[in-house]
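Report on the structure
Each chain is listed here by its residues.
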Amino acid sequence: MADIPDTIVLRRHRDLEGRRKDVWIRRGLLTLVALIPVLALFNVFGQRPGKPAVATSAARLQLYAPTRARGGLLYEARFRITARQELKKAILVLDPGWGEGQQINTIEPSPTGEASRDGQLEFTLGHIPQGQTYLLFMQFQVNPTNLAWRRPANVELFDGNTHLLTLKHHLTIYP
Amino acid sequence: MDLAIRTTVIFFFIYLLMRIVGRRELSSLEPFDLILLVVLGDSVQQAVTQDDYSVTGAFIVVSTIALLQVFLSYLNFRVPRLRTLIDGEPIVIIQDGKVIEGNARRERLTLEDIAEAARLQQIGSLEDVQWAVLETSGELTFLEKQKN
């Protein structure tokens, strides 16, 4: 047999002794890598919006917003309030989770008033006649350093001081 | 702090990716691969620095990458047992003019690939090759038969 190149060990480098399982380890790891885009397609990493809704005899509130997002992403939250009875002074109250580590770029239409209600964000929307719908758009951008796992981001609707409903929502922010 | 962590995570993710995609993919750099490389770099840059445009940020990222690279090469040098994990091992593809099919298949190397690599080293026939080794870098090296 011709000279074997230096540092080449035939049993190991030609016959692959002790290396048979390597290819399976590689395939296993590759499968894990392939799993990432598959999970992404199933919205595991966001930002496909959900449409949760809650209704009472007084009003119906539907939220159109993602529950999962990633650092730096821009997204929209849409609050659709349908008055089943006249709301003299509709007030939307958002958990602080909505403002935590996120830029609130736009709120349209602008609420007639903004305040803090025991640490929550309070937006006074005003009068909504019975049978009419009030659509509030909010545009957000997630701060790149923001991280959250199921951070509460509930939404409450009041008519003046009367609590009408609570919509349970949460936000998960991936790095 | 955040930048250093993100850089480290991305560094090891790319390292792992490069180790598992196979050497054949690494050695070839055709026009499409070159474009992919640029796209990859751009995507990674967004994830690492995001909205940080500062010179300090660049210092942190570049220093972290340099340190990680030195750390890996130090491990590679000092801990022989880790060498195969970090760099991989060479594989003999041709012995005495004959392609070792199993090894070539394992690395997704076709006969045409091997012949092309041989031609690049001025070898016209694989029968003239005594040894061909797929190196850890993804390069195929050929040692010709000694002519009497």
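Throughout this description, residue numbers start from 1 for each chain and increase along the sequence as written. A letter from A marks each chain and a number from 1 marks each ligand, given out in the order of writing. Totals for whole chains, interfaces and linings use every residue, but because this is a predicted model, local features are given only for residues with pLDDT of at least 70 and side-chain atom pairs only at 80 or more, for both listing and counting.

Side note on the domain arrangement of chain A
For the purposes of this description, domain bounds are those given by an automatic or database domain assignment. Per the domain assignment, the segments of chain A are domain 1 (10-41) and domain 2 (49-174). On a C-alpha basis, the centroid separation for the pair domain 1 of chain A and domain 2 of chain A is 47 Å.

Focus: the nonpolar core
Residues and elements named next belong to chain A. Each nonpolar core consists of buried Ala, Val, Leu, Ile, Met, Phe, Trp, Tyr and Cys residues. Their C-beta atoms, within 7 Å, join them into a set. Comment: burial labels come from other C-beta atoms within 10 Å of the residue's own C-beta, placed from the backbone, where a count of 20 or more is buried, 12 or fewer is exposed, and between is partly exposed. Of all hydrophobic cores here, the largest spans 30 residues; its most connected members are Ile81, Ala90, Leu92 and Leu157. Counting only elements with at least two residues in this core, the list comes to strand S3 (59-66), strand S5 (74-83), strand S6 (87-94), strand S9 (120-128), strand S10 (133-142), strand S12 (155-159) and strand S14 (170-174). Contact partners of Leu92, with chain neighbours within four places excluded, come to Phe79, Phe123, Leu125, Leu136, Val155 and Leu157. What counts as a helix is a DSSP run of H or I of at least four residues, what counts as a strand is a run of E of at least two, and both are numbered from the N terminus. In this description, a residue-residue contact is defined by the distance between C-beta atoms placed from the backbone, which must lie within 7 Å.

Examining the packing of helix H2 (residues 22-41) of chain A against helix H1 (residues 2-20) of chain B
Contact pair H2(A) / H1(B): the axes reach a minimum separation of 9 Å and the direction vectors enclose 130°. With respect to each other, H2(A) and H1(B) are oriented oblique. Seen along the crossing, H2(A) lies across H1(B) with a hand that is left-handed. When H2(A) is examined against H1(B), the residues A:Arg26, A:Leu29, A:Leu30 and A:Val33 are found in contact with a partner set consisting of B:Leu16, B:Leu17 and B:Ile20. Here the residues of the contact of H2(A) with H1(B) are counted per class, giving 6 nonpolar, no polar and 1 charged. Angular values range over 0 to 180 degrees, each being the angle between N-to-C directions of two axes fitted as lines to C-alpha atoms, with helices fitted over their stretch in contact. Comment on the angle field: the value is read as roughly parallel under 35 degrees, roughly antiparallel over 145, roughly perpendicular from 65 to 115, and oblique elsewhere. In a left-handed crossing the near helix is turned counterclockwise from the far helix by less than a right angle, and in a right-handed crossing that turn is clockwise. Residues are grouped as follows: Ala, Val, Leu, Ile, Met, Phe, Trp, Tyr, Cys and Pro are nonpolar; Asp, Glu, Lys and Arg are charged; all remaining types, including Gly, are polar.

Considerations on the interface of chain A and chain B
Each partner contributes residues to the interface: chain A has 16 residues there, and chain B has 20 residues. Looking at the side of chain A that touches chain B, the elements that each hand over two or more residues are helix H1 (10-14) and H2 of chain A. Per-element tally for the side of chain A that touches chain B: the top contributor is H2(A), with 5 residues.

Some details on unusual backbone geometry
The omega angle of the peptide bond from A:Gly46 to A:Gln47 is -5°, so this bond is cis rather than trans. In this fold, A:Gln47 is placed in the loop between H2 and strand S1 (49-50). The linkage connecting A:Glu108 with the following residue, A:Pro109, adopts the cis geometry, with an omega of -10°. By the secondary structure assignment, A:Pro109 is in the loop between strand S7 (102-108) and strand S8 (113-117). With phi around 55°, A:Asp118 is a residue other than glycine that occupies positive phi space. A tally of 7 C-beta atoms within 10 Å means that A:Asp118 is categorised as exposed. Of note, B:Arg108 is a non-glycine position whose phi angle comes to about 55°, a positive value.

So, H1(B)
Residues and elements named next belong to chain B. What a helix should span is 1.5 Å times the count of its residues minus one. Taking 1.5 Å as the rise per residue, H1 with 19 residues should run 27 Å; its terminal C-alpha atoms sit 27 Å apart, in good agreement. Of all the positions in H1, only Leu3, Arg6 and Thr7 are classed as buried. With its buried residues spanning 100° around the axis, H1 presents them on a single face. With respect to the buried face of H1, the exposed residues turned more than 90 degrees away are Ile5 and Phe12. Next to the buried residues of H1 lie helix H3 (31-49) and helix H4 (55-78). Directions drawn from the helix axis to the C-beta atoms are what define this arc.

Focus on the confidence of the model for chain B
Of the residues in chain B, 94% have a pLDDT of 70 or more, and the chain-wide mean is 88. Here the predicted complex scores 0.76 on pTM and 0.71 on ipTM. pLDDT runs from 0 to 100 and stands for how confident the predictor is about each residue.

Notes on the pairing of strand S3 (residues 129-134) of chain B
All names here are of chain B. The buried count for S3 comes to 5 of 6 residues, which makes it a mostly enclosed element. Between any two strands, at least two bridges found by DSSP are needed for them to pair. In this structure, strand S1 (residues 91-95) lies alongside S3, joined through 4 bridges in antiparallel fashion. Its bridge partner being in S3, Ile91 is matched across the sheet by Leu134. Pairing geometry for S3 and strand S4 (residues 140-144), over 5 bridges, is antiparallel. Following the sheet pairing, Trp131 is matched in S4 by Leu143.

Comments concerning the environment of A:Arg70
All names here are of chain A. Along the chain, Arg70 turns up in strand S4 (residues 68-70). For Arg70, a count of 18 C-beta atoms within 10 Å corresponds to the partly exposed category. Residues Arg70 and Leu147, 77 residues apart in the sequence, show an inter-C-alpha distance of 8.3 Å. Setting aside its immediate chain neighbours within four residues, Arg70 contacts Phe45, Gly46, Gln47, Val142, Ile173 and Tyr174.

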